[in-house]
Amino acid sequence: MSVWTDRILQEFPAELSRFWIALDPDGLLLDERILHGLRERGFEVLPFEDAVSFRTEYEERYRAAWDTGREGTAKALVLQLRGTDPNSLPWDYIRSARTLNLSLADLFPKLSYGVVRQIDSEHHEALFQACKKHAAQPLGEGATKDFVLTHIFRLSPYLLNRPEDFWREVLRLHYRGTGLPELLAQHVAAVLRDTPLGTLPIVELLSSKTDMVRAVQDAWCGFLAQHGVRTEGSAGVRESSERAAITVPFDHPDVRVIIDTMFLEGVLQPVEVDQLPAELPDWIKVGLIADPRALSHLVSEGAKRITADLPTIDASHRDWVEAARRLAELIYRFNELKASDADSLQVQIQTLQNDADARLREWVFQHFADLPSLPVAKSPVMVHHVPRYLAMRRSAGEDRIALLVFDGLALDQWVQIREDLSARTPEFSVDEGGCFAWLPTLTSISRQALFSGLKPREFQSSMDTTSQEPSLWTRFWQEHGLRKPEVIFQKGLKRSEQLAALEENLSKPTTKVAGIVVDMIDEIVHGAMLGKRGVAGQIREWCDTGFIEKLFLMLTQHGYHIYLTADHGNVDAEGIGRLSQGVVSELKGERVRAYRSEDLASSVPPEIDAFRFGSPGLPADFLPLYANERGAFVPKGNKIVAHGGMALEELIVPFVKIRMKKEEHATDSTSNRI
């Protein structure tokens, strides 16, 4: 346990009270480490977001048991209020609970509260320790910014005198996954304003990985041209006079070592070339595809790096999202290989996937219970957070919002679509992110959670169907201030000829929010005969129809902010034997079965290689049984593409913001980025 975690947990002495009210304006309790520490002590944290839903959960899962002398689902419950006024709570809560205050202002008294509250919770521990060692006196706003930059991000803007210094720090920050908060990026930009670096879009480069990658990718093509390399073009490279003016000192050793890794891991896309100069330095070739073996080498080396860096049991959910993204880039490249090249790497890729799934399963058993309660202000952590995040974006000025749910879209398939659009559509750009699906990763569970904003136990009467999605989607937005005519929902979208009817509804001035299900991927997956490589080929053909870019352009033309996600992904799976149990199983999937009692769940034959995991948020009488590893409940040896389990490619899905106008991207506040 860390010093920071201990400092928070000491506020909750064991056995002092069963019911607590934490006035927590900064969301300190909604940190993975704090939630996990409290859970280990028998405390459960429940954010107070809606009085009715909180009352229902409190009465059914806690108070009813406590009143009869039973422990219930936890020894103690902490009501987490994102505010400082307990009088906003029902009187019976205040009377029966023990109340305490938690605030960054109290925990960091020597730093500017306005600055500290902009720092992500993952940095609180390091900042707390830095303050104990180095903050001798109270610091003002500017001094606090310098303190945080120095001790947390290891960056001093006053030392960035040369381009190689600046780019080394930009690449280092984003490679570690810690871009600067916009407030600090603006501070750095202000310091560098009157230097030769002042002409760069410093705020965007430091705060947005998407902007940084795009700028570096475009600068790479310019760099190659300077070395006489004739290129055929590259996915992700767009003509842009603003970005073309940016140069990166790729040949500097400090920059080169990070660029090399970014190409190997798929962050940057190598460029296909027509002709190589005879004297071209070898290190440049990592970012080139000059012969068929080059991409195979990239895939193999990338797999080795990802294997070495797989998250551990103590990793954060962000670490797993990043691992899923890196694996997705690799699988996309693998699926682009010729069959003969792919065959030679098949064992290496499958070993990596199995290792990642095994690590993830251990992590899920320990930490998945904490995910539903994590804050959503910066981005959704789970799919049921998505509506609440979009409601925040509307409050921030995004008046019209379209949520596109690509049913069954795995992250690697999103990478394929992204690269196709980048190559064919100059206006396209994207702010990338990811979130967790619900377990089990079935459409009727995870997609309903996505559109309703609810945990599965809150719609348990419809967990085996998707028929309630339109009403659940509409009800969420009505509860957030919209009228029924201002909300639309459409599913079954997959072809260009369907767009005219959709546009008729989207173009109405009254329409503010649209929920749209695009189900072509799911249709392809369920008919797949040649595994995920075959699915990739069919997705390529679908992209060639132009449907996706037409949909994006149409939404943009009508003023919608476009968000894209999925309810679950998919994996290559192999049969481990059918479960012929008739109606014993309440819910049947190829990778998961669910039962309504322990007796029924125990009826599974012992020779079936499967395991149990009852994730929080499911009804108490809903007991999932998962096929082990990448197995499926189909005849032994049969190979299919399926979903329902907790493999990395099933559980973590894309959550991205689509942009189709350069001018919009240039003027939008970076605070809107995911």
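Here is a short report on the structure shown in this document.

1. A short note on the overall build of the protein chain
Line of reasoning, step 1. For the protein chain, the count of helices and strands is 28 helices and 21 strands.
Line of reasoning, step 2. Here the protein chain has a C-alpha radius of gyration of 25 Å; the compact-globule value for 674 residues is 26 Å, and the two agree.
Line of reasoning, step 3. Overall size of the protein chain, expressed as C-alpha extent along the three principal axes, is 85 × 70 × 50 Å.
Line of reasoning, step 4. Within the protein chain, residue pairs in contact and separated by at least 24 positions form 75% of the contacts whose partners lie at least 6 positions apart.
Line of reasoning, step 5. Total accessible area on the protein chain stands at roughly 27,600 Å², and carbon and sulfur atoms take up 49% of it.

2. Points about helix 10 (residues 182–192)
Line of reasoning, step 1. Buried residues of helix 10: Leu 184, Ala 185, His 187, Val 188, Ala 189 and Leu 192, and no others.
Line of reasoning, step 2. Buried residues along helix 10 sit in contact with helix 6 (113–116), helix 8 (141–151), helix 9 (163–175) and helix 11 (202–207).

3. Some details on the nonpolar core
Line of reasoning, step 1. In this structure, Phe 166, Leu 551 and Phe 552 are the most contacted members of the largest nonpolar core, which totals 198 residues.
Line of reasoning, step 2. The leading source of residues in this core is helix 16 (residues 317–336), at 10 residues.
Line of reasoning, step 3. Grouped together as the second largest cluster of nonpolar side chains are 16 residues, Phe 19, Tyr 58, Leu 81 and Ala 97 included.

4. As for the sheet that holds strand 3 (residues 76–81)
Line of reasoning, step 1. Reading across the sheet, the four strands line up as 2-3-1-4 and stay open at both edges, with parallel pairing between neighbours. Of all strands in the sheet, those with a lone pairing partner are strand 2 (43–47) and strand 4 (98–101), marking the two edges. Recorded for the sheet is a direction-independent mean angle of 25 degrees between the axes of neighbouring strands.
Line of reasoning, step 2. With five bridges connecting them, strand 2 and strand 3 associate as parallel partners. What sits directly across from Glu 44, in strand 3, is Leu 77.

5. Some words on the sheet that holds strand 14 (residues 571–575)
Line of reasoning, step 1. The strand order 19-14-20 describes an open sheet built from three strands, whose pairing is mixed. Of all the strands in the sheet, just strand 19 (631–632) and strand 20 (639–642) have a single pairing partner and so form its edges.
Line of reasoning, step 2. Pairing of strand 14 with strand 20, which is carried by four bridges, proceeds in the antiparallel orientation. Pairing of Glu 574 across the sheet is with Lys 639, part of strand 20.

6. Some remarks on the environment of Thr 68
Line of reasoning, step 1. Secondary-structure assignment places Thr 68 in the loop between helix 3 (51–67) and strand 3.
Line of reasoning, step 2. Accessibility expressed as a relative area gives 53% for Thr 68, which makes it exposed.
Line of reasoning, step 3. For the pair Thr 68 and Leu 9, spaced 59 residues apart in sequence, the C-alpha separation works out to 28 Å.
Line of reasoning, step 4. A distance of 3.4 Å separates the side chain of Thr 68 from the backbone oxygen of Ala 64, its partner in a polar contact.
Line of reasoning, step 5. There is a polar contact of 3.0 Å between the side chain of Thr 68 and the side chain of Arg 70.

7. Focus: the packing of helix 19 (residues 411–424) against helix 24 (residues 531–544)
Line of reasoning, step 1. At a minimum axis distance of 10 Å, the contact between helix 19 and helix 24 shows a crossing angle of 30 degrees. Crossing hand, helix 19 versus helix 24: right-handed. Between helix 19 and helix 24, the contacting residues are Asp 412, Gln 413, Gln 416, Ile 417, Asp 420 and Arg 424 on the first element and Lys 532, Val 535, Ala 536, Ile 539, Arg 540, Trp 542, Cys 543 and Asp 544 on the second.

8. As for the side chain of Asn 335
Line of reasoning, step 1. Counting through the fold element by element, Asn 335 comes out in helix 16.
Line of reasoning, step 2. On the basis of relative accessible area, Asn 335 is assigned to the buried category, the value being 9%.
Line of reasoning, step 3. When near neighbours in sequence (up to four residues on either side) are disregarded, Asn 335 contacts Asp 412, Lys 532, Arg 533, Ala 536 and Arg 540.

9. Thoughts on the pairing of strand 8 (residues 401–406)
Line of reasoning, step 1. Taken across its six residues, strand 8 has six buried, putting it largely inside the fold.
Line of reasoning, step 2. Burial along strand 8 is two-sided: Ile 401, Leu 403 and Val 405 and Ala 402, Leu 404 and Phe 406, pointing in opposite directions, are all buried.
Line of reasoning, step 3. Of the strand pairs in this sheet, strand 8 and strand 12 (residues 513–518) are connected by six bridges, and their pairing is parallel. By the bridge assignment, Phe 406 is partnered in strand 12 with Val 518.
Line of reasoning, step 4. Across five bridges, the pairing between strand 8 and strand 13 (residues 561–565) is parallel.

10. Comments concerning the pattern of salt bridges
Line of reasoning, step 1. As enumerated under the stated definition, the model contains 57 salt bridges in all.
Line of reasoning, step 2. Among the salt bridges present, the one from Arg 39 reaches Asp 370, with a minimum N-O distance of 3.0 Å. Placement of the pair is Arg 39 in helix 2 (residues 32–40) and Asp 370 in the loop between helix 17 (339–367) and helix 18 (386–395), with a sequence separation of 331 residues.
Line of reasoning, step 3. According to the relative accessible area criterion, Arg 39 is partly exposed, its value standing at 31%.
Line of reasoning, step 4. Its salt-bridge partner being Glu 486, residue Arg 483 comes within 3.5 Å of it at the nearest N-O pair.
Line of reasoning, step 5. A relative accessible area of 11% means that Glu 486 is categorised as buried.

11. Examining the packing of helix 20 (residues 443–452) against helix 21 (residues 469–479)
Line of reasoning, step 1. Across the interface, helix 20 lies against helix 21 with an axial gap of 8 Å and an inter-helix angle of 30 degrees. Judged on the interaxial angle alone, helix 21 and helix 20 are roughly parallel. Mapping the contact onto sequence places Arg 447, Gln 448, Phe 451 and Ser 452 in helix 20 and Glu 469, Leu 472, Trp 473 and Phe 476 in helix 21.

12. Considering the packing of aromatic side chains
Line of reasoning, step 1. Summed over the entire model, instances satisfying the criterion amount to 39 aromatic pairs.
Line of reasoning, step 2. On the numbers, 6.5 Å between centres and 10 degrees between planes, the contact of Phe 428 with Phe 552 is stacked. With a gap of 124 residues between them, Phe 428 in the loop between helix 19 and strand 9 (429–431) and Phe 552 in helix 25 (residues 547–557) connect regions that are remote in the sequence. Here Phe 428 matches Phe 552 in class, with each residue buried.
Line of reasoning, step 3. In this structure an aromatic cluster arises from ring pairing among Phe 19, Phe 48, Phe 54, Tyr 58, Tyr 62, Trp 66 and Tyr 93.
Line of reasoning, step 4. Seen from the ring of Phe 611, Arg 361 lies directly overhead, with NZ or CZ sitting 3.7 Å from the centre.
Line of reasoning, step 5. Over the ring of Phe 334 we find Arg 533; its NZ or CZ atom is 5.7 Å from the centre of that ring.

13. Observations concerning unusual backbone geometry
Line of reasoning, step 1. Cis peptide bonds are those with omega within 30 degrees of zero, and the linkage from Leu 439 to Pro 440 qualifies with -5 degrees.
Line of reasoning, step 2. Looking at where Pro 440 falls in the secondary structure, it is placed in the loop between strand 10 (434–436) and helix 20.
Line of reasoning, step 3. The backbone of Arg 154 sits at a positive phi, close to 55 degrees, despite the residue not being glycine.
Line of reasoning, step 4. Inspection of the secondary structure assignment puts Arg 154 in the loop between helix 8 and helix 9.
Line of reasoning, step 5. Residue classification places Arg 154 among the exposed positions, given a relative accessible area of 54%.
Line of reasoning, step 6. A positive phi angle, near 50 degrees, is found at Glu 629, a position not held by glycine.
Line of reasoning, step 7. Relative to the helices and strands, Glu 629 resides in the loop between strand 18 (623–627) and strand 19.
Line of reasoning, step 8. For Glu 629, a relative accessible area of 59% puts it in the exposed group.

What counts, and where the lines are drawn
- Residues numbered from 1 in each chain as written.
- Predicted model: local features only at pLDDT ≥ 70, side-chain atom pairs only at ≥ 80, totals over all residues.
- Heavy atoms only, no water.
- Helix = DSSP H or I, 4+ residues; strand = E, 2+ residues; numbered from the N terminus.
- Rg over C-alpha atoms; globule rule 2.2 N^0.38 Å.
- Contact = heavy atoms within 4.5 Å.
- Areas by Shrake-Rupley, 256 points an atom, 1.4 Å probe, with all protein chains shown as cover.
- Buried < 20%, exposed > 50% of the residue type's maximum accessible area, 1.4 Å probe, protein only.
- Core = buried A, V, L, I, M, F, W, Y, C linked by side-chain atoms within 4.5 Å.
- Pairing = 2+ DSSP bridges.
- Axes fitted to C-alpha atoms, helices over the stretch in contact; angles between N-to-C directions.
- Polar contact = N/O pair within 3.5 Å; in protein donor to acceptor, adjacent residues only side chain to side chain.
- Left-handed = near helix turned anticlockwise from the far one by under 90°.
- Salt bridge = Lys/Arg side-chain N within 4 Å of Asp/Glu carboxyl O.
- Parallel < 35°, antiparallel > 145°, perpendicular 65-115°, else oblique.
- Phe/Tyr/Trp six-rings, centres within 6.5 Å; stacked < 30°, edge-to-face > 60°.
- Lys NZ or Arg CZ within 6 Å of the ring centre and 35° of its normal.

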